[in-house]
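Structural description and commentary
Residues per chain, in single letters:
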Amino acid sequence: MARGNALRVARQLTLGLVALALLAGTWLGQRRATSWEETLWVTVYPVVGGEDPATADYVAALSREDFEPLTGFVAAEAARWGVSIEKPLRIDLGQTVGLPPEPPAEPSVFSVMAWSLQLRWWAWRELADAPGPSPDIRLFAVFHDPINGVALPHSLGMKEGRIGIAHLFASRHMRGSNKVVIAHELLHTLGASDKYDPMTNRPVFPEGYAEPKLQPRYPQRYAEIMGGRIPVAPQSAEIPRSLTYTRIGELTASELRWIE
Ligand SMILES: [Zn+2]
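**A few points about the coordination of the zinc ion**
The zinc ion binds to the protein through H184 (NE2), H188 (NE2) and D194 (OD), with metal-donor distances spanning 2.1 Å. For the zinc ion, the donor residues sit on a single chain with the sequence spacing H-x3-H-x5-D. In this pair, H184 and H188 are both assigned in helix α5 (residues 175–189), 4 residues apart and thus about one turn of the helix distant. According to the relative accessible area criterion, H184 is buried, its value standing at 10%.

In structure tokens:
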């Protein structure tokens, strides 16, 4: 009896320690990722998400240069917030991979948790034979056929495992706005939160505004990257055409640990 109890206590203690180690690992990883002392390595893995052969051709023609403006955007914004690192990010283009597992249709705490584990397991398997060390951030860019009026699945970025999935249109006209989507999900993986109203898709004032102190308030000149859109009037906001029309606001800067 006493022996059984001792074993049970030992087992619980072990489980507790494992959970603590996992938590500490996540926390340390997050601290390191947002210490902004070393360049973070980001790899974008393209995914063919459409049936049209033109989409596969578009993906095959992608190069690292297509994603390079993201590094310039983050470097310029980091400098604007007084972060002294010269090259906060380095972006590589990884191998083309298959479709990631779909998020649960009816999200609950457990289904989302199970899916998040499934996604990390899928990423690990897909990239098991990728050459070199694994990057700090893995972004899966799913390119869909550019059909007018079709809504794309929701893009997402997770701090856990630092994985993002960006749903994009395989179209040269969308190259600019595609990078805005990728930047948004990339910053989620580093702890930035959404700053828009999910019911209306309009940025929340003041944190979802790039220049909340602008007078008059409308039209705003830029979109706050986690607010997602440029508020042009109290009831209206536009999708930025490129990162040129996008800024990182104060709350996002503090979530990224750029400011205290
Ligand atoms: Zn978001």
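That was the structure; now back to the text.
**Brief notes about the domain arrangement of the chain**
Looking at the chain, the domain boundaries give domain 1 (36–191) and domain 2 (195–260). Here the C-alpha centroids of domain 1 and domain 2 sit 21 Å apart. Across the contact, 20 residues belong to domain 1 and 18 residues belong to domain 2. Put simply, domain 1 and domain 2 have 6 residue pairs in polar contact (both at pLDDT 80 or more) between them. Taken together, the elements giving at least two residues each to the side of domain 1 that touches domain 2 come down to α3 (69–80) and α5. Of the residues in the side of domain 1 that touches domain 2, the class split is 12 nonpolar, 5 polar and 3 charged.

**Quick notes on the environment of R120**
Within the secondary structure, R120 sits in helix α4 (residues 109–126). In sequence terms R120 and I163 are 43 residues apart; their C-alpha atoms lie 7.9 Å from each other. Excluding anything up to four places from it in sequence, R120 contacts E160, G161 and I163.

**As for the side chain of K179**
Structurally, the position occupied by K179 is in helix α5. Buried and unpaired, K179 has D66 as its nearest opposite-charge partner, separated by 5.9 Å. Excluding its chain neighbours within four sequence positions, the residues that come into contact with K179 are D66, P69, L70 and L243.

**Side note on the packing of aromatic side chains**
A full pass over the atoms with the stated rule returns 7 aromatic pairs. Here the aromatic rings of Y45 and F140 are separated by 5.3 Å at their centres, their planes lie at 25°, and the arrangement is stacked. Separated by 95 residues along the polypeptide, Y45 in strand β1 (residues 40–48) and F140 in strand β3 (residues 137–144) bring together distant segments of the chain. Summarising the burial analysis for this pair, Y45 and F140 share the class buried. Each member of the aromatic cluster is reached from another via a ring pair, and the members are Y45, W122 and F140. For the cation-ring pair, R217 lies above F205, with the distance from its terminal atom to the ring centre recorded as 3.6 Å.

Cut-off values and rules
Residues numbered from 1 in each chain as written. Predicted model: local features only at pLDDT ≥ 70, side-chain atom pairs only at ≥ 80, totals over all residues. Heavy atoms only, no water. Donors = N, O, S within 2.8 Å, 3.2 Å for Na, K, Ca; no water. Helix = DSSP H or I, 4+ residues; strand = E, 2+ residues; numbered from the N terminus. Buried < 20%, exposed > 50% of the residue type's maximum accessible area, 1.4 Å probe, protein only. Domains from an automatic or database assignment. Contact = heavy atoms within 4.5 Å. Polar contact = N/O pair within 3.5 Å; in protein donor to acceptor, adjacent residues only side chain to side chain. Nonpolar A, V, L, I, M, F, W, Y, C, P; charged D, E, K, R; others polar. Lys, Arg positive; Asp, Glu negative; His and termini not counted. Salt bridge = Lys/Arg side-chain N within 4 Å of Asp/Glu carboxyl O. Phe/Tyr/Trp six-rings, centres within 6.5 Å; stacked < 30°, edge-to-face > 60°. Lys NZ or Arg CZ within 6 Å of the ring centre and 35° of its normal.

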